[in-house]
Amino acid sequence: MPTALITGITGQDGSYLAEFLLDKGYKVYGLVRRCSSPNYERINHLLDKITLVDGDLLDTSSLIRVLQEAKPTEVYNLASQSFVGVSWKEPILTGEVTGLGATRLLEAIRIVNPKTKFYQASSSEMFGKVRETPQTETTPFHPRSPYGVAKAYAHYTTVNYRESYDMFACGGILFNHESPRRGLEFVTRKISHGVARIHLKLADKIKLGNIEAKRDWGFAGDYVRAMWMMLQQPEPNDYVIATGETHSVQEFVEESFRAIGIKNWKDFIEQDERYMRPAEVDYLIGDCSKAKKELKWEPSVSFKQLVEMMVASDIDMLKKQI
């Protein structure tokens, strides 16, 4: 039976990946930090099917112990300080967890079993101030946030361990991917949740930062499938995973309000300087032709379907709470 260890299993991607791997017949281990108030909300329905193990990306010895215990055939490193906005307030922690955390995990794998396949969750935020459009696997990086810098470090570390130690280590350069399980601090979920609150007469405004910023948004459930596909290839490589379409934050807002039958969205949006980034990434759009050709991967959920899914889910969730 194939065995997977997922770091960040309690997050959006971790929960979808755990579901996907269980359906594939995997034994799934999830790395969790010991803390006073664990948040298992996204994986509550999986707790009787997976095995949670205590460990920390800040502690190499704990990673070695977990790898010796779980004996995974595949490791998916999804854990990070994953919110770009917070990385400006906590740049050192972001570097320790998101950047050096990947290095500690790769080093632990090298020590315990270098034949273990490794997936690193790289990010389109590494491109930052983009040099070319659309972005491919060979586009130079120019990250514009401590998060993007840390992700670039982790990505190059993954490449370095692959080339230096002949390890099966892949970097998935994933563009923005969303779902009803996205954290409320992310702009897409902030919008869908805010629209749901307005629909249910629980609020009358949504405060946002730069609504002109453009992103390539896909569905998280599609993207975890690509992660798994990378580790099934005959040779390790890096892949851009994206939809190839770009939409602005404003378009996400418009589509969200359209889902509840409101056209005059401007009446409900208030721009707030507090949500502006010190340096903005303006135009991210991915070219996933390599993934389409080699992995035979295609996104299955459209932008419109994604927005409608998120708004409907938040309306249902809020109705249960009222």
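All of the points below concern the structure found in this document. Along each chain, numbering runs from 1 in the same order as the chain's sequence is written. Thresholds applied to this predicted model are a pLDDT of at least 70 for local features of residues and 80 or more for the giving and counting of side-chain atom pairs; totals over whole chains, interfaces and linings are not thresholded and use all residues. With hydrogens and water set aside, each side-chain value is computed from the structure's full complement of heavy atoms.

## Section: the overall build of the protein chain
Link 1 in the chain: Secondary structure is summarised from DSSP: a helix means a run of H or I of at least four residues, a strand means a run of E of at least two, and numbering begins at the N terminus for each. On a plain count of helices and strands, the protein chain comes out with ten helices and 13 strands.
Link 2 in the chain: Projected onto its principal axes, the C-alpha coordinates of the protein chain cover approximately 60 × 45 × 40 Å.
Link 3 in the chain: Categorising residues by exposure relies on relative accessible area from a 1.4 Å probe, with only protein chains included: less than 20% of the type maximum marks a residue as buried, more than 50% marks it as exposed, and the intermediate range marks it as partly exposed. Out of the 322 residues in the protein chain, the part that is buried amounts to 54%.
Link 4 in the chain: Whether two residues are in contact is decided by their heavy atoms: any pair within 4.5 Å suffices. Residue pairs in contact within the protein chain that sit at least 24 positions apart in sequence constitute 77% of those at least 6 positions apart.
Link 5 in the chain: As displayed, the protein chain offers around 14500 Å² of accessible surface, 49% of which is attributable to carbon and sulfur atoms.
Link 6 in the chain: Here the protein chain contributes 41 positively and 42 negatively charged side chains, and the mean placements of these two sets differ by 2 Å. Only the protein chains shown count as cover for residues, and the accessible areas themselves come from Shrake-Rupley with a 1.4 Å probe. Charged residues are defined narrowly, with Lys and Arg counted positive, Asp and Glu counted negative, and His plus the chain ends left uncounted. In plain terms, the charge of a residue is placed at NZ if it is Lys, CZ if Arg, CG if Asp and CD if Glu.

## Remarks on the sheet that holds strand β6 (residues 169–174)
Link 1 in the chain: A strand pair is defined by DSSP finding two or more bridges across the two strands. Reading across from one edge, β3-β2-β1-β4-β5-β6-β11 is the order of the seven strands in this open sheet, with parallel pairing throughout. Edge positions in the open sheet fall to β3 (51–54) and β11 (239–241), since each of these has one partner strand only. This sheet shows a mean twist of 25° between the axes of neighbouring strands, independent of strand direction.
Link 2 in the chain: Pairing analysis gives four bridges linking strand β4 (residues 74–77) to strand β5 (residues 117–123), with the strands arranged parallel. Looking across to β5, one finds that Y76 is bridged to Y119.
Link 3 in the chain: Its contacts with the sheet put helix α1 (residues 12–23) on β1 (3–7), β2 (27–32) and β4, and the angle it makes with β1 is roughly 175°. Under this scheme, a helix contributes an axis fitted over its contacting stretch, all axes are lines through C-alpha atoms, and angles between N-to-C directions fall in the 0 to 180 degree range.

## Some remarks on the nonpolar core
Link 1 in the chain: Nonpolar core, defined: a set of buried Ala, Val, Leu, Ile, Met, Phe, Trp, Tyr and Cys residues in which side-chain atoms within 4.5 Å join the residues together. Judged by nonpolar contacts, the single largest core of 64 residues is most densely connected at I6, L21, Y76, Y119, I241 and F257.
Link 2 in the chain: If you tally residues by element for this core, the top one is helix α7 (residues 220–230), at eight residues.
Link 3 in the chain: Counting 20 residues, the second-largest nonpolar core is a separate cluster that includes A70, L105, L106 and F118.

## Some points on the packing of helix α2 (residues 60–70) against helix α4 (residues 91–112)
Link 1 in the chain: At a minimum axis separation of 9 Å, α2 and α4 run at an interaxial angle of 45°. With respect to α4, the axis of α2 lies oblique. Of the two elements, α2 crosses α4, and the hand of that crossing is right-handed. Between α2 and α4, the residues in contact are T60, L63, I64, L67 and Q68 and R104, L105, A108, I109, I111 and V112, respectively.
Link 2 in the chain: In this classification, Asp, Glu, Lys and Arg are treated as charged, Ala, Val, Leu, Ile, Met, Phe, Trp, Tyr, Cys and Pro as nonpolar, and every other residue, Gly included, as polar. Partitioning the contact of α2 with α4 into residue classes produces eight nonpolar, two polar and one charged. Orientation labels follow simple angle bins: below 35 degrees gives roughly parallel, above 145 gives roughly antiparallel, 65 to 115 gives roughly perpendicular, and whatever is left gives oblique. Here is the rule for handedness: rotate from the far helix to the near one, and if that takes an anticlockwise turn smaller than a right angle the crossing is left-handed, while a clockwise turn gives right-handed.

## Some remarks on the packing of helix α8 (residues 249–259) against helix α10 (residues 303–321)
Link 1 in the chain: Remark: α8 packs on α10, axes separated minimally by 9 Å, with the N-to-C direction vectors making an angle of 60°. Put simply, α8 runs oblique to α10. In the crossing of α8 with α10, the sense of the turn from one axis to the other is right-handed. Across from E251, F252, E255, S256 and A259 in α8, the residues of α10 making contact are F303, K304, V307, E308, M310 and V311.
Link 2 in the chain: Each residue belonging to the contact of α8 with α10 can be placed in one class, and the counts come to six nonpolar, one polar and four charged.

Keep in mind these numbers describe shape, not what the thing actually does.
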